[in-house]
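Fold and geometry: a report
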Amino acid sequence: AGSQGTGQLLRLALLFVLGTQVARSENLFRPVFRWSEQIIWSCLEYEPLQPTTCKTRGIEPVYYQAEPEWTETLGSNGVPLAHDTSGTGEDGDGNTGSNRACTSDTKTSVFCPSLVDGDGKTDAGCVCTGACTSVGTFPPECFDVIYALEDTWTTVGVYVWHDPDQRPDIGSARVYKDNNHNGEFIKASEIVGFGELDLRGTLSQCAWDHEQRVDNPSLVETCRVANVTFGVLEAPGYGLAQITYIRGPSQGGYIRREIAISGMWESVDTALKEIQYRPDANLNSNRLRSAVYMSNTFATKPFEKMIISISVNPNPSSNTDDPVSGPWVVQGNLTQLVHVIDVNDPPTIKHPRDAYVVPEDCVADPNSVDPACNFGQFFAYEGTSNAIELQGVVIDDPDLYEYCPSVLPECARLDVLVRAFKGSVGLNTRSNLNSYTISGDDGSGRAGQGFTAYMSDANKAIKVLFYRVELQNLLGTPESSVLYYNTQGADREFVSVIVSDQGFNGAAGASESNSIEIEVTIVAMNDPPDLVSLQVEFSAFEDVEAKIEGVSVSDPDLNEQVTSALATKDWMGFASNSVFINQMQITMKLVYGVLKLEYRRNLNIISTATTTYMTITYLRYGHDVCRVNSLPGDVEGLEPYFPASVARPVQSYSKLCMYDNVGSANCRTGTEDTCNCNQDGTCDLEAKVVLHLNRSLSIASFRVALSLAINSRDRTCGGMPVYAKPNNFTTGKMCDTDSDCFEVAQQCVPGVTCMCCANVSYACSTDADCTNLDAGSSCGCTPGGSGTCGPYFTDEGLSQGKTTDLVLVPTRTTQLYGTACTYQGPSSQQCRSAAYAAAGTNLAKVVDLLAPSALGTKEA
């Protein structure tokens, strides 16, 4: 090594960079390139603030080569020799710097069991030289080869020694500094074409103009980062290095990238060992040879070449650390190939929701009852077989065709499985698919549509997926797996798309897969009840009570707990309808006889043959029902809520009620103004008032108007109570519509941020946690806002008469002051009235009208 002949030829090769001869100053630093060990790991996660530092790496190294062992034997110029005989010529064997490869095939490396000395590496025994074949339009060359991993930062690991044959005053080959020459500056640069170079994460400080480069491929950009400290500071400034990144120009499909480091020898040498390389996204050596992905360069430059040069400043009086302006004299170059190990990237699936835009009408009107504004992107109705179209699924794979020749650009197939969890799903087309069926016997869902296909054909097949809740032939039958099934409770429905690349690429040969789930809302439909009578005809005897037995009723969805934005806006959100949720209404009627019931528990009587009942009460305990008690008799207050078709003036309760004093002196015929309306309960003590309406009169419009009028009063987010005077404040935010509650819709966290409304400093999980503070106190208040919470005080300074008892019977007459708060518990996203008027009553005196001992009624 270092002798005439082959070694001299290598030296000459090192004196050329891209065809340009380098004039070397023989009396200055003379570099000899060396390689550190290479251990390449896959990186699962990088440090957020240090983008080139791996936080979580793979279990085992992907590639490893040891650093050469330096022997005690001296070469021809007195430099210790490195002898590597550990290799066999296979990938990863031997020490770093002992493998070479051809530009036509960087994957196949050739082991060179040669001696390495200060003058370079000999070619003796290396079969790479002269064995490279001509492929494409690039010359068949043989270079040293190092390794990198796709999409991963890898340390280059090249450093330099000084050849003391040209500088005998510097006694060490490892250290280029002494008292006489430590003031000389050195520059090291590395150039690549298909990746990035970085040193200690400083590349992130550069902002490149990508748009301008598209318009101007010859653009050259320079980014100089702050001085970085390397090595041991034996003198002020000796450990500083200047780092400069140079980008451009774009050359035939790739961009020249360079990092230049200048400073004292020790700092440059240390920095050189730390330079990291990462190939461009999804790039590897196999991809570089692909006509599919690299059409601009696969025939001219299907390899990554790294050029490293070492320069010095020959004039100590003009020392500079500017890596661009110099003056610099190149003293040595190294050209080496970078074989980028390919990694199988998983296929990607574009989810339809990523492109979904809420309709403009829904944005303009948050209270819209249009189904498209309430059920999401994809929805179907319970118990139907109509197909809905699921559009927007697109499959891609960044490296599926890396191994495909130019004559067959699609040579690998994807494996695709589409299935619905409960319903059924069909494909857009079956052309060019190799289909198979996945049964649903494993409980993972219904039978699926599986196939293998080229990516273009696979995308045609899933361009539109046709989803049905049920097939027509199974609709409504006991064999149906979705009978009475909907997703507006605890259940869900989705269509899954699973894609596998089957492992046709990647060095490991392992398949990668990906999947998405497309949520489908199955809208709950009201299924009819089932009325059954075991007898076709019943017999009874004159003047003798008879039992009608064998009649039963059932309802498949009566007890469903439905969460529906549309139903909430349409009817469930009204306080007056809250009593009817999960309730069944039964009407019984006779022509001649009367009805009586033996079992009357938990019944709400809506009407008898003569009377219809309405109850005015609170939604949440503590509300002052007296605030709406006068509405039944307030014609002006009710008139806006009557339908436009009703003649004006409208009638008040006093003209439509059942009288309780008919036949008395004040109400002999029932037409006198002094007749009294029959009414039960009080608004203050019982907080419940029952109205008796005369069924023989036109009362339907009045019932609707009264419910709407009360629903419009004292509306808060969550329907929180407004307390009786003089403390007629509330814990909820006042509102007109649900949209007023959007800002408080972020509910508090039970046991953490949810507090008792009676004491806003007391954490709670449920209302039961607050009952010891105040009767009916809710859990879910948070400090701050327009509401008022406890603890309460009798003075504005909140220092006297502290209490949490606000709701008392009879009503508290003392003025209290509390703490600002907002209710953010369950239902806080709904704007609801604190009181309501609903049809029917559970008042015992009314229910007992149907008792066996009572007179009964013809209709109930």
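Residues numbered from 1 in each chain as written. Predicted model: local features only at pLDDT ≥ 70, side-chain atom pairs only at ≥ 80, totals over all residues. Heavy atoms only, no water.

**Description of the overall build of the protein chain**
Counted only if it meets this: Strands here mean DSSP runs of E at least two residues long; helices mean DSSP runs of H or I at least four residues long; both are numbered from the N terminus. Three labels apply to residues, based on accessible area from a 1.4 Å probe with only protein chains included: buried if under 20% of the type maximum, exposed if over 50%, partly exposed otherwise in between. Only heavy atoms matter for contacts: two residues are in contact if any of them lie within 4.5 Å across the pair. Every accessible area reported is derived by Shrake-Rupley at a probe size of 1.4 Å, with residue values counting cover from the shown protein chains alone.
Scanning the protein chain for helices and strands turns up 10 helices and 48 strands. Within the protein chain, the fraction of its 860 residues that count as buried is 47%. Sequence-distant contacts, at least 24 apart, represent 70% of the contacts inside the protein chain between residues at least 6 apart. If you sum the accessible surface of the protein chain, you get close to 41,400 Å²; carbon and sulfur atoms cover 52% of it.

**Re helix α3 (residues 265-274)**
With seven of its 10 residues buried, α3 lies for the most part within the structure. Restricting attention to buried positions, one finds in α3 the residues W265, E266, S267, V268, D269, A271 and L272.

**Things to note about the nonpolar core**
Let me state the cut-off plainly: Among buried residues, the Ala, Val, Leu, Ile, Met, Phe, Trp, Tyr and Cys ones that are joined through side-chain atoms within 4.5 Å form a nonpolar core.
Formed by 38 residues in total, the largest nonpolar core has its most connected members in L199, I243, Y245, I259, I275, Y277 and M306. For M306, the residues in contact, after removing those within four places along its chain, are I146, V156, E190, I191, V192, L197, Y277, L334, T335, Q336 and V338. In terms of nonpolar packing, the next biggest core, distinct from the first, is built from 36 residues, L390, V393, C404 and A453 among them.

**Considerations on unusual backbone geometry**
A cis amide bond links R648 with the next residue in sequence, P649, at an omega value of 0 degrees. Inspection of the secondary structure puts P649 in the loop between α8 (635-638) and β40 (679-680). Across the junction of K725 and P726, the peptide omega takes the value 5 degrees, indicating a cis bond. Here the phi dihedral of D151 falls at roughly 60 degrees; this positive angle occurs in a residue that is not glycine. Considering the arrangement of structural elements, one finds D151 in the loop between β14 (142-149) and β15 (154-155). With phi around 55 degrees, L798 is a residue other than glycine that occupies positive phi space. Structurally, L798 is set in the loop between β45 (779-793) and β46 (817-823).

**So, the state of the cysteines**
Put plainly, a disulfide is one covalent bond tying together the sulfur atoms of two cysteines. This is how it is decided: Pairs of cysteine sulfur atoms within 2.5 Å are identified as disulfides in what follows.
For the structure shown, the criterion picks out 14 disulfides. Covalent S-S linkage joins C657 and C677, the inter-sulfur distance amounting to 2.0 Å. Judged by the torsion about the S-S bond (-75 degrees), the C657/C677 disulfide is left-handed. Of this pair, C657 sits in the loop between α8 and β40 while C677 sits in the loop between α8 and β40; the two residues are 20 residues apart in sequence, bridging distant segments of the chain. Overall, C657 belongs to the buried group, its relative accessible area being 2%. C717 shares a disulfide with C741; S-S distance 2.1 Å. With the S-S bond torsion at -95 degrees, the cross-link from C717 to C741 turns out left-handed.

**A short note on the pattern of salt bridges**
Which entries qualify depends on this criterion: One side-chain nitrogen of Lys or Arg within 4 Å of one carboxyl oxygen of Asp or Glu is enough to make a salt bridge.
By the definition in use, this model includes 20 salt bridges. We note a salt bridge from D280 to R257, for which the minimum N-O separation is 2.9 Å. With D280 in the loop between β22 (276-279) and α4 (285-288) and R257 in strand β21 (residues 254-263), this pair connects stretches of sequence that are 23 residues apart. With a relative accessible area of 5%, R257 lands in the buried category. Taking the shortest distance from any N to any O, the salt bridge between K273 and D269 comes out at 3.4 Å. Taken together, the residues K273 and D269, both in helix α3 and four residues apart, mark about one turn of the helix. When its relative accessible area of 28% is taken as the criterion, K273 is described as partly exposed. Its relative accessible area of 6% is what places D269 among the buried residues.

**Section: the sheet that holds strand β41 (residues 688-694)**
Two strands in a sheet stick together by hydrogen bonds in their backbones, pointing the same way (parallel) or opposite ways (antiparallel). Heads up, the rule is: Following DSSP output, two strands are said to pair if at least two bridges run between them.
Taken in spatial order, the four strands line up as β40-β41-β39-β48 in an open sheet, and their pairing is antiparallel. Each of the sheet's edge strands pairs with one partner strand only, and the pair in question is β40 and β48 (835-839).

**Structural notes on the environment of S696**
On the secondary structure map, S696 appears in the loop between β41 and α9 (700-711). Looking at S696, the relative accessible area reads 61%, which means it is exposed. With 86 residues separating them along the chain, S696 and T610 place their C-alpha atoms 7.1 Å apart.

**Observations regarding the packing of aromatic side chains**
The following threshold applies: Each Phe, Tyr or Trp ring, with Trp reduced to its six-membered ring, pairs with another whose centre is within 6.5 Å; inter-plane angles below 30 degrees give stacked pairs, above 60 give edge-to-face pairs, and intermediate values give tilted ones. Ring-over charges, as used throughout, are those where CZ of Arg or NZ of Lys falls within 6 Å of the ring centre and within 35 degrees of the ring normal.
As enumerated under the stated definition, the model contains 10 aromatic pairs in all. Aromatic side chains F194 and Y254 sit 5.1 Å apart centroid to centroid with 40 degrees between the ring planes, which places their arrangement in the tilted category. With F194 in the loop between β17 (186-192) and β18 (195-198) and Y254 in strand β21, this pair connects stretches of sequence that are 60 residues apart. Judged by its relative accessible area of 2%, F194 falls in the buried class. Residues F421 and F494 carry aromatic rings whose centres are separated by 5.3 Å and whose planes lie at 10 degrees to one another, so their mutual orientation is stacked. Of the two residues, F421 sits in the loop between β29 (414-420) and β30 (424-426) while F494 sits in strand β34 (residues 494-500), which places them 73 residues apart along the sequence. The class for F494 is buried, based on a relative accessible area of 11%. Three or more aromatic residues joined by ring pairs make a cluster, and in this case those are F375, F379 and Y381. The side chain of K422 reaches across the aromatic face of F421, ending 6.0 Å from its centre.

**Notes on the sheet that holds β46**
The four strands lie next to each other as β44-β43-β45-β46, forming an open sheet whose pairing is antiparallel. With one partner strand each, in any of the chains shown, β44 (759-763) and β46 form the two edges of the open sheet. By the bridge criterion, seven bridges tie β45 to β46 in an arrangement that is antiparallel. Along β46, the bridge assignment pairs F793 with Y817.

**What about the environment of P279?**
On the secondary structure map, P279 appears in strand β22. Sequence spacing of P279 and F194 is 85 residues, and the spatial spacing of their C-alpha atoms is 5.9 Å. Dropping the residues within four chain positions of it, P279 is found in contact with L149, E150, D151, T152, F194, G195 and V340.

**Here's the deal with a nonpolar patch on the surface**
Applied cut-off: Put simply, a patch holds well-exposed residues, over 30% relative accessible area, that have no salt bridge, with like charges counted together within 9 Å and Val, Leu, Ile, Met, Phe, Trp or Tyr side chains within 5 Å.
Taken together, the side chains of L531, F538, I548, V551, V553 and I586 present a nonpolar region at the surface, about 560 Å² in accessible area. Counting through the fold element by element, I586 comes out in the loop between α7 (565-572) and β39 (611-618).

**Some words on a negative patch on the surface**
Basically, it comes down to this: Positive residues here are Lys and Arg, negative ones are Asp and Glu, while His and the chain termini are left out of the count. By convention, the charge on Lys lies at NZ, on Arg at CZ, on Asp at CG and on Glu at CD.
On the surface, E360, D361, D365 and D370 cluster together into a patch of negative charge. For D365, the position within the fold is in the loop between α5 (360-364) and β26 (379-381). Residue classification places D365 among the partly exposed residues on the basis of a relative accessible area of 36%.

**Examining the side chain of S480**
The criterion, for reference: Polar contacts, as counted here, are pairs of nitrogen or oxygen atoms within 3.5 Å of one another; within protein the pair requires one atom able to donate a hydrogen and one able to accept it, and residues that are adjacent in sequence qualify only if both atoms are side-chain atoms.
Examined against the element boundaries, S480 turns out to sit in the loop between β33 (464-468) and β34. Reaching out from S480, the side chain makes a polar contact with the backbone nitrogen of V482 at a distance of 3.2 Å. A polar contact is formed between the side chain of S480 and the backbone nitrogen of L483, at a distance of 3.5 Å.

**Details of the pairing of strand β10 (residues 99-102)**
Residues N99 and A101 line one face of β10 and the alternating positions R100 and C102 line the opposite face, and both faces are buried. Where β10 meets β14, three bridges bridge the pair, whose relative direction is antiparallel. What sits directly across from R100, in β14, is D144.

**Side note on the side chain of N711**
Residue position: N711 is located in helix α9. A relative accessible area of 4% means that N711 is categorised as buried. There is a polar contact of 3.1 Å between the side chain of N711 and the side chain of S576. A polar contact of 3.3 Å, which involves the side chain of N711, links it to the side chain of S833.

**A few points about the confidence of the model for the protein chain**
Threshold: One number per residue, pLDDT, summarises how confident the predictor is, and it ranges from 0 to 100.
Here the protein chain averages 83 in pLDDT, and 84% of its residues register 70 or above. Confidence drops under a pLDDT of 50 for residues 114-120, and excluding neighbours within four residues, the segment shows 40 contacts in the predicted structure.

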